[in-house]
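# Chains, contacts and geometry: an overview
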Amino acid sequence: MKKFLSSFLLFLFTLGFSQITNISDGESITLRIHYGFLNAGTANLTAKKTTYKGVPHLYVKGTGQTTGAVRAFFKVDDLYESYINMNTELPSFYVRNVKEGSYRQHLETVFNHDNNTLVLTDKKTPANGSKTIKSVKGVQDMLSCFYYLRSKSPAELRVGTVINMNVWIDDEMFPFQLKVTGTENLKTKFGTINCLKIIPSVKSGRVFKEKEGVTMWVSNDANHVPMLLKAELAVGSLKASIDGYQNVKYPLKFSK
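## Section: the environment of Gln105
Structurally, Gln105 is set in strand S6 (residues 103–112). Taking the C-alpha atoms as reference, Gln105 lies 6.3 Å from Lys124; in sequence the two are 19 residues apart. Sequence-distant contacts of Gln105, that is, excluding residues within four places in its chain, are made with Arg96, Asn97, Val98, Lys124 and Asp170. In this structure the side chain of Gln105 is engaged in a polar contact, spanning 2.3 Å, whose partner is the side chain of Arg96.

## Quick look at the environment of Ile242
Along the chain, Ile242 falls in strand S15 (residues 237–246). Distance from Ile242 to Ile29, taken between C-alpha atoms, is 7.5 Å for residues 213 residues apart in sequence. Beyond its immediate stretch of four places on either side in the chain, Ile242 contacts Thr30, Leu31, Thr188, Lys189, Phe190, Val225, Pro226 and Met227.

## Some details on the pairing of S6
Note: strand S5 (residues 91–100) against S6, eight bridges, orientation antiparallel. Bridge pairing in S6 places Glu100 opposite Tyr103. The loop that links S5 with its antiparallel partner S6 comprises two residues; one of these, Gly101, has a positive phi angle of about 65°. Alignment of S6 against strand S7 (residues 117–122), held across six bridges, turns out to be antiparallel. Within the sheet, the bridge partner assigned to Glu108 lies in S7 and is Thr121. What sits between the antiparallel neighbours S6 and S7 is a turn of four residues, in which Asn116 has the positive phi angle 55°.

## Some words on the packing of aromatic side chains
The way to describe two aromatic rings as a pair is by their centre distance and the angle between their planes. The final tally for this structure, using the stated rule, is eight aromatic pairs. When the centroid spacing of 5.0 Å and the interplanar angle of 75° are considered together, the rings of Phe146 and Tyr147 count as edge-to-face. Of the residues examined, Phe146 reaches a relative accessible area of 3% and is grouped as buried. Assessed through its relative accessible area of 0%, Tyr147 is described here as buried. Centroid distance Phe190 to Tyr245: 5.2 Å. Interplanar angle 75°. Geometry classified as edge-to-face. On the criterion of sequence distance, the pair formed by Phe190 in the loop between strand S11 (172–188) and strand S12 (191–201) and Tyr245 in strand S15 is long-range, its members being 55 residues apart. On the basis of relative accessibility, which here comes to 31%, the residue Tyr245 falls in the partly exposed class. One aromatic cluster is present, formed by Tyr52, Tyr59, Tyr83 and Phe93 through successive ring pairs.

## So, the confidence of the model for the protein chain
Chain-level pLDDT for the protein chain is 87 on average; 88% of the residues reach the 70-or-more range. Below a pLDDT of 50 lies the segment residues 14–18, which in the model reaches 25 contacts outside its immediate sequence neighbourhood of four places, other chains included. Segment residues 203–212: pLDDT under 50, and 28 contacts once partners within four positions in sequence are set aside and those in other chains are kept.

## Side note on the side chain of Ser92
Here Ser92 shows up in strand S5. The class of Ser92 is buried, set by a relative accessible area of 14%. Separated by 2.7 Å, the side chains of Ser92 and His57 make a polar contact.

Calculation rules
Residues numbered from 1 in each chain as written. Predicted model: local features only at pLDDT ≥ 70, side-chain atom pairs only at ≥ 80, totals over all residues. Heavy atoms only, no water. Helix = DSSP H or I, 4+ residues; strand = E, 2+ residues; numbered from the N terminus. Contact = heavy atoms within 4.5 Å. Polar contact = N/O pair within 3.5 Å; in protein donor to acceptor, adjacent residues only side chain to side chain. Pairing = 2+ DSSP bridges. Phe/Tyr/Trp six-rings, centres within 6.5 Å; stacked < 30°, edge-to-face > 60°. Buried < 20%, exposed > 50% of the residue type's maximum accessible area, 1.4 Å probe, protein only. pLDDT = per-residue confidence, 0-100.

Structure follows, in structure tokens:
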């Protein structure tokens, strides 16, 4: 259970830019994470316009925590941060600072897209110093890839669309593929809303039951706000459902 929950939080943040134009300054999205009938935790994503090294960027912060009974035996406090270039849609700086039970990790990554390299620094163990790693063109981090997906126009994210990307996770590159498989009217705490159904291809085996064991629903509009995410695990399943939102650029069209 511990391994599954921390892996689900990690995947949640990998799922949210032509230029970034559909994310409002101060946007906030909160999701409730469930494991079976248990309220297992919460995840929150916030976005703020800023500058990084004098260039317009979107600063995105993701947090994840276990709650209630789950937190009593497995405490998770995860923090992810990304500075995303507003014009290139690519990350410039990325932080993963996680506390999961007794496990700790604090990594910082600086991206150099001009020569396809990145600089990884282990802040938890400063003695390890920094290392330069060869990257690939257009690499995303765990947060920026979500906003890259969200920034697509409705025409670019219609049923049948397949998006391929390379995502930097911790200290390793992973190829991801996302397929828009259909539309669906989804019931939420705010009402029913029409959504795009997206299936990411993920590595199977250790955590997820199948290669395509994860399904995500995002609002079928210019916001592409995440409404629900389900993951079929080797034992049981987890889901994250929208629990709150603020400062979304376009009105969300819920019906009763």
